[in-house]
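# Structure at a glance
The lines below spell out each chain.
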Amino acid sequence: MILGTRLRQLREARGITGTDAGERIRGSHSKISRLESGRTGFKTRDVADLLTLYGVTDEAERATLIALARQSNTAGWWHVYYDVVPAWLNVYLGLEQTAVVIRGYELQFVPGLLQTEEYARVVTRLGNEEDEERIERRVRLRMGRRRILERERPPHLWVVIDEAALRRTMGGPALMRRQLDHLMEVSELPHVTIQVVPFAAGGHAAIAGPVTILRPPGGELPDVVYLEQMTGGVYPDKPAEIEQYRHVMNRLVVDAEPPTATRDFLYRVLREL
């Protein structure tokens, strides 16, 4: 999806129609549409031909985009969970695994990458899923996602959590204590930044719901905005929309307590359980 968005931007900047682009790669306008929307895989030869057509001569950008084309055709580790991963989530998992920076705001729950296994299991049971085996597979998938924080070169995870999510007792006080302990532990990692928006902050820029912004590697590609909904995910991709959500996150980190206050805040919530 990142690659498709970038190719569309390059094509439109040069004033080239989808039909002309399709002819260049021995295809059609509909093929270009599928490529640009991330609904089909890429051939590296097609990407190279399109970059030449679009006048992209910078070797670093060409290498980054061609590498993305190769990656788009490689199944990720999460594909073994195909039965519990809908198409819209499959896209997000690929973005999450390659991002160098992940910024997010959560209103209802502890962010997925910071959930303990037992907390994740309680959250999963809130859905409509009743099959115990599928519930466990969803939990194992979520635990697998956490491994990106343990990599040699992990992404910088910067999350803002609403106080409501911390005070909502999921699975009982004992479980929440362990979850809060885990948050305090990971907040000490150099690549993890956690902030809390207290009730005292009142209304704020992201009060309408959760937001995630992922930064792809390389520096040549735009950020990706992800908005999770009950039955799917939305990826606003217009530059003005991306900038608006980036502005929301920037305002939110100002409204929230500073990262240096996070451990004390979590400890107070823990003590009051």
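Scope of this entry: the structure provided in the associated data block. Owing to the predicted nature of the structure, the values given are computational and were not obtained by experimental measurement.

### Concerning the pairing of strand β5 (residues 224-229)
The pairing of strand β4 (residues 211-215) with β5 spans 3 bridges and is antiparallel. Its bridge partner lying in β5, Leu 214 is registered against Val 224. Bridge analysis of β5 against strand β6 (residues 232-234) gives 3 bridges, and the strand direction is antiparallel. Following the sheet pairing, Gln 229 is matched in β6 by Gly 232.

### Here we look at the packing of helix α1 (residues 2-14) against helix α3 (residues 29-36)
Packed helices, taken two at a time, are described by the angle their axes make and the gap between the axes. Remark: α1 packs on α3, axes separated minimally by 7 Å, with the N-to-C direction vectors making an angle of 125 degrees. As judged from the angle between their axes, α1 and α3 are oblique. From α1, Gly 4, Thr 5, Leu 7, Arg 8 and Arg 11 reach across to α3, where they touch Ile 32, Leu 35 and Glu 36. Tallied by class, the residues present in the contact of α1 with α3 amount to 3 nonpolar, 2 polar and 3 charged.

### Some remarks on helix α10 (residues 173-186)
Over its 14 residues, α10 runs 20 Å from end to end, which matches the ideal 20 Å to within 8%, given 1.5 Å per residue. All buried positions along α10 are accounted for by Leu 175, Met 176, Gln 179, Leu 180, His 182, Leu 183, Met 184 and Val 186. Elements that come into contact with the buried residues of α10 comprise α7 (117-125), β2 (156-162), α9 (163-167), β3 (192-197) and α12 (262-272).

Criteria and thresholds
- Residue numbers here run from 1 along each chain, matching the order of that chain's written sequence.
- Local features in this predicted model are restricted to residues of pLDDT 70 or higher, and side-chain atom pairs are both shown and tallied only at a pLDDT of 80 or more, whereas totals for entire chains, interfaces and linings draw on every residue.
- As a convention, hydrogens and water are excluded, and side-chain values are obtained from all of the structure's heavy atoms.
- The pairing criterion is simple: DSSP has to find at least two bridges between the two strands.
- Each helix is a run of H or I in the DSSP string that is no shorter than four residues. Each strand is a run of E no shorter than two, and both are numbered from the N terminus.
- For helices, the fitted line uses only the C-alpha atoms of the stretch in contact; every axis is such a line through C-alpha atoms, and the angle between N-to-C directions lies from 0 to 180 degrees.
- With respect to orientation, any angle under 35 degrees is reported as roughly parallel, any angle over 145 as roughly antiparallel, any angle of 65 to 115 as roughly perpendicular, and every other angle as oblique.
- In what follows, residue pairs with any heavy atoms lying within 4.5 Å of each other are defined as contacts.
- Following the grouping adopted for this structure description, the nonpolar residues are Ala, Val, Leu, Ile, Met, Phe, Trp, Tyr, Cys and Pro, the charged ones are Asp, Glu, Lys and Arg, and the polar ones are all others, Gly among them.
- Given a helix with a known number of residues, its expected span is that number minus one, times 1.5 Å.
- Categorising residues by exposure relies on relative accessible area from a 1.4 Å probe, with only protein chains included: less than 20% of the type maximum marks a residue as buried, more than 50% marks it as exposed, and the intermediate range marks it as partly exposed.

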